[in-house]
Amino acid sequence: MGQAANLSEFDGGQIVMARRLGTSITETARLVGCSRSADVSIHAKWINDGDTSSRRQGVGRPCAIKEKGRRRLSRLVKQNRRQTVAHLTAQYNAGPSASISEHTVQRTLLDTGLCSRRPTRVPLLTKCHRQLRLQLAREHRDWTMDEWKRVSWPVEFRFLIHHVDGRVRVRRLPGE
């Protein structure tokens, strides 16, 4: 014998139809293969709600950002696509809505598809650039080591504090 929670939509429909045709509770339960109490509860649910499903509604905590808030957050992102999550959270919380955490903003942005990506790469060296570099190399071909020591070269080391690498990220929808 099945319980009310284990019955399919089809079984619920059979119970309702059999009961509307005047079949008794015991006979309907035997026909569908469920208990009498399941038969009674499904029929009562159909009478009260017009629905035979026994799924639990509203399981879990409700979303902190409703649809209107998602649209507002999307507008904030599109105003400046290079903003950090902390800055977006501060802007969102400055508005009339309830305050939310950075984690909620990040999760909402991922759900809407506005995840951060690296911006497009710069184009490679052109033919003109290569010619200028070759000209520079030919002009300074005969320099001594002392002359090269006086040239200041950029340092390539990077030091990260709090995982901020200084690289710019852009929020875009997939396909943009």
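Everything that follows concerns the structure shown earlier in this document.
Residue positions within a chain follow its written sequence, with the count starting from 1. Totals for whole chains, interfaces and linings use all residues, but because this is a predicted model, local features are given only for residues with pLDDT of at least 70 and pairs of side-chain atoms are given and counted only at 80 or more. Side-chain metrics rest on all non-hydrogen atoms present in the structure, leaving aside hydrogens and water.

Before going further, it helps to spend a moment on the packing of aromatic side chains. Within 6.5 Å between ring centres, the rings of Phe, Tyr and Trp (the latter by its six-membered ring) count as paired, and their orientation is classed by plane angle as stacked under 30 degrees, edge-to-face over 60, tilted in between. According to the stated counting rule, one finds one aromatic pair in the structure shown. Ring centres of Trp143 and Trp148 lie 4.9 Å apart, and the angle between their planes is 55 degrees; on these two criteria the pair is classed as tilted. When a residue's accessible area, from a 1.4 Å probe over protein chains only, is under 20% of the maximum for its type it is buried; when over 50% it is exposed; and in between it is partly exposed. The class for Trp148 is partly exposed, based on a relative accessible area of 32%. If you follow Arg72 out to its NZ or CZ, it ends over the ring of Tyr92, 4.5 Å from the centre. Distance and angle both matter: a charge sits over a ring if NZ of Lys or CZ of Arg is within 6 Å of the ring centre and within 35 degrees of the ring normal.

Looking now at the layout of surface pockets. Roughly 150 Å³ of internal volume is contained in the second largest pocket. Around the second largest pocket sit Ala64, Ile65, Lys66, Lys68, Gly69, Arg72, Tyr92, Pro96, Ser97 and Ala98, which together line it. By residue number, the principal contributor to the lining of the second largest pocket is helix H4 (residues 67-79), which donates three residues. Any residue with an atom within 4 Å of a point lines the site, the site being either a cavity, points on a 1 Å grid over the protein atoms alone where a 1.4 Å probe fits but cannot get out, or a pocket, an open set with protein on both sides within 12 Å along at least 5 of 7 lines. Grid points are joined across faces, edges and corners, and a volume is the space filled by probe spheres set on the points. In DSSP terms, a helix is any run of H or I states spanning at least four residues, a strand is any run of E spanning at least two, and both are numbered starting from the N terminus.

Nonpolar side chains collect at one region of the surface, where Trp143, Met145, Trp148 and Trp153 lie side by side and expose about 480 Å² of accessible area between them. Inspection of the secondary structure assignment puts Trp153 in the loop between helix H8 (145-149) and strand E2 (170-171). Patch definition: residues with relative accessible area over 30% and no salt bridge; like charges joined within 9 Å; nonpolar side chains (Val, Leu, Ile, Met, Phe, Trp, Tyr) joined within 5 Å. Accessible surface is estimated by sampling points in the Shrake-Rupley manner with a 1.4 Å probe; for residues, cover comes only from the protein chains shown. We count a salt bridge whenever a side-chain nitrogen from Lys or Arg sits within 4 Å of a carboxyl oxygen from Asp or Glu.

Moving on, we get to H4. The span you would expect from a helix comes to 1.5 Å times its residue count less one. With 13 residues, H4 ought to run about 18 Å at 1.5 Å a step, and its terminal C-alpha atoms sit 19 Å apart, in line with that. Taken together, the buried positions of H4 are Gly69, Arg72, Leu73, Ser74, Leu76 and Val77. We call two residues in contact whenever any of their non-hydrogen atoms come within 4.5 Å of each other. Of the surrounding elements, those touching the buried residues of H4 are helix H5 (85-94), helix H6 (102-112) and E2.

Nonpolar side chains in soluble globular proteins tend to be buried together. Within this scheme, the nonpolar core is defined by two criteria: the residues are buried Ala, Val, Leu, Ile, Met, Phe, Trp, Tyr or Cys, and they are joined through side-chain atoms within 4.5 Å. Listed in full, the eleven residues of the largest apolar core are Ile65, Leu73, Leu76, Val77, Val85, Leu88, Tyr92, Ile100, Val105, Leu109 and Leu114. Secondary structure elements with two or more residues in this core: H4, H5 and H6. Those residues within four positions of Leu73 in sequence are excluded, and the remaining contacts are Ile65, Tyr92, Val105, Thr108 and Leu109. Counting seven residues, the second largest nonpolar core, distinct from the first, contains Ala29, Val32, Cys34 and Ala38.

Tracing the backbone shows Leu114 in the loop between H6 and strand E1 (116-117). Counting along the chain gives 60 residues from Leu114 to Pro174, while the straight-line C-alpha distance between them is 7.7 Å. Ignoring sequence-local partners within four residues, the contact set of Leu114 consists of Ser74, Val77, Arg81, Leu109, Arg171, Arg172 and Leu173.

To continue, consider the pattern of salt bridges. Going through the model one piece at a time under the given rule, you end up with two salt bridges. With a closest N to O distance of 2.9 Å, Asp39 and Arg19 form a salt bridge. Within this pair, whereas Asp39 is found in helix H3 (residues 36-49), its partner Arg19 is found in helix H1 (residues 9-20), the two being separated by 20 residues in sequence. Across the pair Glu27 and Arg30 runs a salt bridge, and its minimum N-O distance is 3.2 Å. Residue Glu27 and its partner Arg30 are located together in helix H2 (residues 25-32), separated by three residues, close to a single helical turn.

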